[in-house]
Amino acid sequence: MNELLFLIGGWFGMLMRGSVLLQLAILVAVFLLHQTWKRRRRPSLASWQPLLAKLAAVGILALAAALVALPGMASGLIVLAAQLLAVWTALDALRLILRRFQNVDAVESYWFRAVRPLFLVVALLLFIDRFDGLQAIADVRLIAMFGEHFTVGGAALLVSLPYFLVVLSELPVLFLGFLLQRLMGLSAGNRKVFELIFRYLLIGVGVLWLANQIGLNGTAIAAIAGGLSVGLGFGIKEVFSNFVSGLWLLFEGSVRPGEILLFEGDPVEVRRLGLRAATLWRDRDNVELVVPNQTFFTATTTTYTGTDRMRRSEVQVGASYRHDPDRVIALLEEVARANPRVLPQPAPKGLLINYGDSSIDYALRFWIANPMENGGICSEVRRAIWHAFQAHEIEIPFPQRVLHTSSES
Amino acid sequence: MPAFSSLRHFSCLHPRRPLRRTPGRRPSVLLAVVALAVASAGCQRLPVNLQVSISPGAGADQLSRESLNRLSSQMAREFMQNNPGVNLHLRYIPEAQVLDTLSARSSLGVGPDLMITRAAPAQALAQKGLSRPSELTPAQLDPLAIQYLPGFRQGHRYLALPFLVQPSLACYDRRRISAPPQRLDDLVRLASEGKRIGLPLLFNELLWTSTGFGAEDPLIRLLDGARASNGKPVLEPADHKAALAWLQWLYRANVEPTLKFLDNGDDLVQALEVGKLDWISCNATAIRRLRRDLGANLAVSPLPRTKDGQPSRAFARLLLISFGRDSNPEERRVAQKFALFVLNDYSQNNLMERAVGNMPVNQTVIVPVKNAPELAAMEQSLASSIVPNFRSGVGVTRLAQPISQVLKQTIYGDLRPAEALQQIEALAGASQPGGQGR
């Protein structure tokens, strides 16, 4: 740590040189100017005005650099800042263009999660490299671990790489999935499986590379594995179990993104299968349920999309005893066939299921293409039954209570 | 509730105030921090931070580099102990990147205060204006009796100061070779007897073999930009003949199956370490590494003499100190003080004794040749060495890579000696001002 402080102290000395102070003053002035403009105008994310403001700042910086260089003074810091700002402006322009052609939320999400942090890190590294050499700071030793020195470079990698591995692996994996789907004719579900597996592979390779870079040797890995085995026995058993379950489910294919399951009595769509948990979407109240992967691994899973995507639905209704059951069943089947969202094959089937206290109970069973639409289609069929019964004067009886009042009381 | 009422002054605990920072405050906070830093800098005397870049040169192996770095760090610590308020920051920069790196840093205004490099990069730094002449006066320099200093003089000042010199030697395994070859012919004879001899394919490291042919000086002059009587950068007929004779010797030398040419000095050192070679020409900085692996079986001697018994004149590596252009007056003053410190008797003696392979440039330092055979060999080799300076010998280092390629083609029979010489002359011409390469 002392070494790091000593090194940073050296930078302070260089920053105090007259030519560097002048450049810093110009950069701070341009930054303040830009911030003042931004505070007054408050442009929206979709506006092109900030782009023009940044271009103006690049122009001002370029002019300032030229003026500073005229008497032979160093102006590289201003030039570097102008170059970085120009690249940033170009990226911002790309973002605005992409907003027009792609999903705005997706573009903004990737921009804030990936592009901005990555640019900041690259700019910082570039600055340090030009200033004092990346190697010089990366090699600074912080602490000794397992006979190896843990350096600033290792610490920086440890902090930043996992984040960027997770975030940046999204795009290439999506592209690869798209290519595979086009080349091999994969289904959407299988494509997602491949994408997830490739992503895990990328992250896994990245983590191994990181371990190598930060100087984890065999002894260190053995020590960590020993610690993990104890940890697995207690604290992180569930985490590990969920991770393995997730991988298994991916290969098995029962809980892939896009699949429709019956979960706690409701049809739900699998949105994501993550390292720890699956995200399920329930349409009746538009909630996302985050369910640990282990749940699917250890409990029975009811899926509507195992071999096909059809669902058999059922609507129950009662009719008066005075009506001929054959007539009622024919009418029910006709009603179901008339609904465009009910599949013609397998054909709808009416059943007499019970002689109830006040009615004969019937069930109408029919098949639908999208299991998630069950609620809506059942409602439509029930409404149609009511209208059909009305038209054919079929009574839907209901229990009635008759109160006899005694005059003596 | 008096205790709690005082807490209401803190905005974060005030119930009605939203927990939001005003964006406009951030620049003012930044400015306040900068102002505070500048004010504190003005109020108290800050330490002087001296940046020193070290580029010991291509071919300097890891061990000798680490040795030099360790010793430089030790010297830096000693200097800091004697000069409280001075912080020395050493940075290693590979020689191949030194110009680009220092040029980039200097463009930002953060170039180093001192640069330790070999002669060719030092000259390039001076030519590009990345270094500035030393402001040390004769009264300060004369007592140090610095060797090779005149070669770096420009007007009344020195563009760089010699720091350490690393001579070329012969390193061999005494289990295989009892007595070192005295002359170049003996070397070839040893090879024909089955001893495994190794020579480098690097032009500047192989040039010593041309001494006996009388080709060395003409080639150095040619590469330094001397022109023949016809005004072209070619050799005079007699020199041409001598150079051709040397190239033909190289061409024929490769016929001996046990005389091997390897790409560079590091490869040779490695081959001697693992017992694949018995005798190599080496730089003195390799001694430490070889001693680690061969122990007492390592022997060193001056390089074989010419056929006539004249000492072969090998190129020695010279490390130089150049002063940076971005330093402020205080940094420049401390940089000069540090330069004088590393050149004084104590530091030079320390370097000689502890960084094996480095010889002092301070002539008042006594080399204990009687007690240390390696130092004796180095001293003897140095007496006949060619030490490059800004007037002579730098061209050889600068053009070493392309000419080495020509030599390689010649030794392996792809080029005839006459064709090789033509190409060397062309390379020399192309590197001169107004030449094809410009």
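Here the structure is shown first, and the text comes after it.
All values reported here derive from a predicted model rather than from experimental measurement. (Residues numbered from 1 in each chain as written. Chains lettered and ligands numbered in written order. Predicted model: local features only at pLDDT ≥ 70, side-chain atom pairs only at ≥ 80, totals over all residues.)

Q: Describe in detail the packing of helix H2 (residues 18–41) of chain A against helix H3 (residues 49–69) of chain A, supporting the description with residues and values.
A: All names here are of chain A. Contact geometry for H2 and H3: axes closest at 11 Å, N-to-C directions at 160°. Overall, the two elements H2 and H3 adopt an arrangement that is roughly antiparallel. Classified by chirality, the crossing of H3 by H2 is right-handed. Here H2 contributes Leu22, Gln23, Ile26, Val30, His34, Trp37 and Arg41 to the contact with H3, which in turn contributes Gln49, Ala53, Ala57, Ile60, Leu61, Ala64 and Val68. (Axes fitted to C-alpha atoms, helices over the stretch in contact; angles between N-to-C directions. Helix = DSSP H or I, 4+ residues; strand = E, 2+ residues; numbered from the N terminus. Parallel < 35°, antiparallel > 145°, perpendicular 65-115°, else oblique. Left-handed = near helix turned anticlockwise from the far one by under 90°. Contact = placed C-beta atoms within 7 Å.)

Q: Pulling in residues and values, what's your account of the sheet that holds strand S10 (residues 360–368) of chain A?
A: Sheet strands associate in pairs through backbone hydrogen bonding, adopting either a parallel or an antiparallel arrangement. All names here are of chain A. Read across the sheet, 3 strands follow the order S8-S10-S9 without closing on themselves; strand pairing throughout is antiparallel. Of all the strands in the sheet, just strand S8 (311–319) and strand S9 (349–355) have a single pairing partner and so form its edges. In this sheet, adjacent strand axes meet at a mean angle of 25° when their direction is disregarded. Where S9 meets S10, 6 bridges bridge the pair, whose relative direction is antiparallel. Bridge pairing in S10 links Gly350 to Leu364. Those strands touched by helix H13 (residues 325–338) are S8, S9 and S10, and its axis lies near 25° from that of S10. Lying on the sheet, helix H14 (residues 374–391) is in contact with S8 and S10; it crosses S8 at an angle near 30°. (Pairing = 2+ DSSP bridges.)

Q: So what's going on with the interface of chain A and chain B? Which residues, and what values?
A: The interface is formed by 23 residues belonging to chain A together with 20 residues belonging to chain B. For the side of chain A that touches chain B, the elements supplying multiple residues, two or more each, are helix H1 (2–15), H2, helix H4 (76–101) and helix H5 (104–132) of chain A. Looking at the side of chain A that touches chain B residue by residue, the class counts come to 11 nonpolar, 9 polar and 3 charged. (Nonpolar A, V, L, I, M, F, W, Y, C, P; charged D, E, K, R; others polar.)

Q: Outline unusual backbone geometry, listing residues and values.
A: Cis geometry marks the peptide bond from A:Gln345 to A:Pro346; its omega dihedral reads -10°. Residues other than glycine seldom take positive phi values, yet A:Asn286 does so here, at roughly 50°. Exposure remark for A:Asn286: the 7 C-beta atoms within 10 Å place this residue in the exposed category. Of note in the backbone geometry, B:Ala145 takes a positive phi value of approximately 45° without being a glycine. (Buried ≥ 20, exposed ≤ 12 C-beta atoms within 10 Å, placed from the backbone.)

Q: Describe in detail the environment of A:Leu176, supporting the description with residues and values.
A: All names here are of chain A. With respect to the helices, strands and loops of the structure, Leu176 is situated in helix H8 (residues 170–184). Judged by the 16 C-beta atoms lying within 10 Å of it, Leu176 falls in the partly exposed class. Taking C-alpha positions, Leu176 is 9.3 Å from Arg191, a pair spaced 15 residues apart along the chain.

Q: Can you tell me about the environment of A:Gln400, naming the residues and giving the values?
A: Residue and element names in this part refer to chain A. Summarising the element assignment, Gln400 is placed in the segment after H14. We classify Gln400 as exposed; it has 6 C-beta atoms within 10 Å. Expressed as a C-alpha distance, the spacing of Gln400 and Ser358, which sit 42 residues apart in the sequence, is 8.9 Å.

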